[in-house]
Each structure stands twice: as C-alpha cells, then as structure tokens.
Amino acid sequence: QVQLVESGGGLVQAGGSLRLSCVASGRTASIYGMAWFRQAPGKERELAARITWSGGITYYADSVKGRFTISRDNAKNTVYLQMNSLKPEDTAVYYCAGRMIGGSFNYWGQGTQVTVSA
C-alpha cells in the first residue's frame, strides 16, 4: 500500500502561482508513476500532469502545458506541481495519485483545494 498526502493549495489571484506537494509513504519503492489530477465543480476528474518515478518522464494536459511543471524528489518521496500564470478555470480540487508498474492510478490523496480569483 501507498499513502499520499497533499499540501499547498489555497486562494490566489489570477496570474499568481502556487506549488502543490505530495508526500508518499508505505511501499514507495514500488511506485512507477505519479500524477496530479483535478476536479472542478460539476466536472469530471481530469489528468493535469504525470511523471515517471525513476526517469522523470513527464506529460501535461494541453490546458496546463507551459504553465504547470511536475517534478519529483525521490529522496523525499515527494512529487510537486508548480503552477504559474494561474487562471480562474484552474480552480479545482487537486489530487495526487500513484500507480505501480503495469497498474492504474490506484492510490489517491485526500485532495487540496485551489481557488483562483479573477
């Protein structure tokens, strides 16, 4: 099992920045990839960015490309999401997720609220 705990959400004005953190514990040696998903009110959960745990290969949704950066610190078992040039449409609950090799994103954090005011 893997436990994930997010932090770093909050209220920010449009154009501002936030950095989210997600600390993993438990069977962290078995983690293959980590991701940040988000869910806005009335909308389905969507993938924002993901990263492989060992090689650091990244993927970004078009909606966040060029503004968000996902990174990881293996020594700290932590994955980050640096969010710049935030827009009101980025307002959502952001969830950290993890998966083992060959598996789906089965491990989830509790979520952290990000609110961007116009």
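Note that the coordinates shown come from a computational prediction; the quantities given were computed from them, not determined experimentally.

A closer look at the side chain of Thr52
Here comes step 1: You can see Thr52 is positioned in strand 5 (residues 46-52).
Here comes step 2: At 3.1 Å, the side chain of Thr52 forms a polar contact with the backbone nitrogen of Gly56.
Here comes step 3: Apart from the residues lying within four places of it in its own chain, the contact partners of Thr52 are Tyr32, Gly33, Ile57 and Arg72.

Brief notes about the pattern of salt bridges
Here comes step 1: Counted by the stated rule, this structure contains four salt bridges.
Here comes step 2: Between Arg38 and Glu46 there is a salt bridge, with the nearest N and O atoms lying 2.7 Å from each other.
Here comes step 3: In this structure, Arg38 engages Asp90 in a salt bridge whose closest nitrogen and oxygen atoms are separated by 2.9 Å. In this pair, Arg38 is assigned in strand 4 (residues 31-39) and Asp90 in the loop between strand 8 (78-83) and strand 9 (92-100), connecting sequence segments 52 residues apart.
Here comes step 4: The exposure class of Arg38 is buried, given its relative accessible area of 5%.
Here comes step 5: It is possible to trace a salt-bridge network through shared partners that takes in Arg38, Glu46, Arg67 and Asp90.

So, the packing of aromatic side chains
Here comes step 1: Under the criterion given, the structure shown has three aromatic pairs.
Here comes step 2: Where Phe37 meets Phe105, the ring centres are 5.5 Å apart and the plane angle is 75°; that geometry is what we call edge-to-face. Of this pair, Phe37 sits in strand 4 while Phe105 sits in the loop between strand 9 and strand 10 (107-108); the two residues are 68 residues apart in sequence, bridging distant segments of the chain. For the pair Phe37 and Phe105, one class covers both residues: buried.
Here comes step 3: Ring plane angle 55° and centroid distance 4.9 Å describe the contact between Phe37 and Trp108, whose orientation is recorded as tilted. Of this pair, Phe37 sits in strand 4 while Trp108 sits in strand 10, placing them 71 residues apart in sequence.
Here comes step 4: Assessed through its relative accessible area of 14%, Phe37 is described here as buried.
Here comes step 5: Put simply, the rings of Phe37, Tyr95, Phe105 and Trp108 pair up and form one aromatic cluster.
Here comes step 6: Sitting over the face of the ring of Tyr95, Arg45 holds its NZ or CZ atom 4.0 Å from the ring centroid.
Here comes step 7: Directly above the aromatic system of Phe105 lies the positively charged group of Arg99, at a separation of 5.7 Å from the ring centroid.

Some points on the nonpolar core
Here comes step 1: Of all hydrophobic cores here, the largest spans 30 residues; its most connected members are Met34, Trp36, Val79, Leu81, Met83 and Tyr94.
Here comes step 2: Every element with two or more residues in this core is listed here: strand 1 (2-7), strand 3 (18-26), strand 4, strand 5, strand 7 (68-73), strand 8, strand 9 and strand 11 (112-117).

Rules used throughout
Residues numbered from 1 in each chain as written. Predicted model: local features only at pLDDT ≥ 70, side-chain atom pairs only at ≥ 80, totals over all residues. Heavy atoms only, no water. Helix = DSSP H or I, 4+ residues; strand = E, 2+ residues; numbered from the N terminus. Polar contact = N/O pair within 3.5 Å; in protein donor to acceptor, adjacent residues only side chain to side chain. Contact = heavy atoms within 4.5 Å. Salt bridge = Lys/Arg side-chain N within 4 Å of Asp/Glu carboxyl O. Buried < 20%, exposed > 50% of the residue type's maximum accessible area, 1.4 Å probe, protein only. Phe/Tyr/Trp six-rings, centres within 6.5 Å; stacked < 30°, edge-to-face > 60°. Lys NZ or Arg CZ within 6 Å of the ring centre and 35° of its normal. Core = buried A, V, L, I, M, F, W, Y, C linked by side-chain atoms within 4.5 Å.

It is worth stressing that arrangement in space is one thing and function is another; only the former is reported here.
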